[in-house]
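Fold and contact review
Here is what each chain is made of, one letter per residue.
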Amino acid sequence: MTKLSAVYENIPPPRSAWLWDRSAIEAWQLTRFNLQLAEILPRNQFYRRKFSQDSMHLRSLLELQQLPFTTKDELVRSVDAHGLSQHQTFERSRYTRMHRTSGTTGAPLLICDTAEDWQGWWSATWQHVLEAANVTSSDRVFLAFSFGPFIGFWSAHQACVDRGVMVIPGGGLSSIARLEFIRQSQANVVLCTPSYALHLAEVAQRESLPLGELQVDRIIVAGEAGGSIPAVRSRIESAWQAKVVDHSGATEVGPWGFGWPDHPGLHVIETSFIAELLPLGATQALLPSQATPEQLAAPAELILTSLGRLSAPVIRYRTGDIVQAGFSSRGDCNFLWLAGGVSGRNDDMVTIRGVNLFPSSIDAIAREFDTIQEYQVIIGRAGA
């Protein structure tokens, strides 16, 4: 197990890694990717078959682009008789956790993780989110999600425990009961989806419960694009009198992005992922260091390779998330910066009179009106 343990060794503290320059980031990524390949390829049926070899060592990250993409459809089609994708590396007895994708873009997919991955990779990666949100052991964190099979904030729960933070589970409760629990527990950090934060605000208003009198001062959101949409973010912050911190992740990928409490946008956690950008309509993806500022700023699909999730790795995974990238000028983090967070998904995009339109664009306008809580968009076509 020497090689396995090496993948989890020497993980840098978030604030230290944030200051690495591009060459240091890429050197770390290359080393970690090769460690990962050495561990998974002899055992992982999916990638051994996909790459037609059981060993590989990259001399440069540029060689990564010679490998094929991985798609969600491939993972779904590879499931075995037990319903597990064959990109799972180890025998079933090694796994201690099972979660399932939401199924919004296809059949739900079962994904398992080992105890080592759960603590050594998932929790370690989530520390970037908590660090950016300034969460410390003196905080009380309320997790307002269902604790169902979807990965949701399960890994956040583990990361908070490992950080020594008081964790308050809010599953199995009505919205008004959750608000009362937040008040009773004196929670000052809430984790939920952007739309649920707005829903709780609506319930609080209906029940004459002043949110501003609660102790909540930060809300970490994920699962939807709202955390980096200014209109949505502003409504949440105004209703709760709290700062919003965006986050992004997925069951089959992992917790890949974190934002800040003072402005929208997401950083890719580049110590746990290699990011590439696939321009819309293109077939060749670019590493951040390859792209010009104009190419970075153009809408592109985010391609991610996990670094350290040995039990269920994804290599050059097409996330379907549409982003516009760049590098932040703030100086507090050199990881790849997505100023608008996730602006949409390629499977949600519609073209109207030659204009590519994402639901998040509509959300940015609709959420400017306080009277709109729920809405539906219908797209029709008359004649040619």
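Residues numbered from 1 in each chain as written. Predicted model: local features only at pLDDT ≥ 70, side-chain atom pairs only at ≥ 80, totals over all residues. Heavy atoms only, no water.

1. Quick word on the pairing of strand β10 (residues 273-279)
Within β10, six of the seven residues are buried, which leaves it mostly tucked inside the rest of the structure. Taken together, the seven bridges between β10 and strand β11 (residues 300-306) define a ladder with antiparallel strand orientation. Paired with Leu 278 across the strands is Glu 301, a residue of β11. (Buried < 20%, exposed > 50% of the residue type's maximum accessible area, 1.4 Å probe, protein only. Helix = DSSP H or I, 4+ residues; strand = E, 2+ residues; numbered from the N terminus. Pairing = 2+ DSSP bridges.)

2. Focus: the pairing of strand β12 (residues 317-323)
Most of β12 sits inside the fold, with six of its seven residues counted as buried. Both β11 and β12 contribute to a ladder of four bridges, which runs antiparallel. Residue Ile 303 lies in a different strand from β12, and its bridge partner there is Arg 318.

3. Focus: unusual backbone geometry
For Asn 134, which is not glycine, the phi torsion reads 60 degrees and is therefore positive. Within the secondary structure layout, Asn 134 lies in the loop between α6 (115-132) and β3 (140-143).

4. What about the packing of aromatic side chains?
Scanning the model with the defined rule gives 16 aromatic pairs in all. Ring centres 6.3 Å apart and planes at 85 degrees place the aromatic pair Phe 145 and Trp 154 in the edge-to-face group. The exposure class assigned to Phe 145 is buried, which follows from its relative accessible area of 10%. These aromatic residues form a ring-pair network of at least three members: Trp 126, Phe 145, Phe 147, Phe 153 and Trp 154. The ring of Trp 260 carries Arg 330 above its face, with NZ or CZ at 5.3 Å from the centroid. (Phe/Tyr/Trp six-rings, centres within 6.5 Å; stacked < 30°, edge-to-face > 60°. Lys NZ or Arg CZ within 6 Å of the ring centre and 35° of its normal.)

Coordinates in, geometry out; function isn't part of it.
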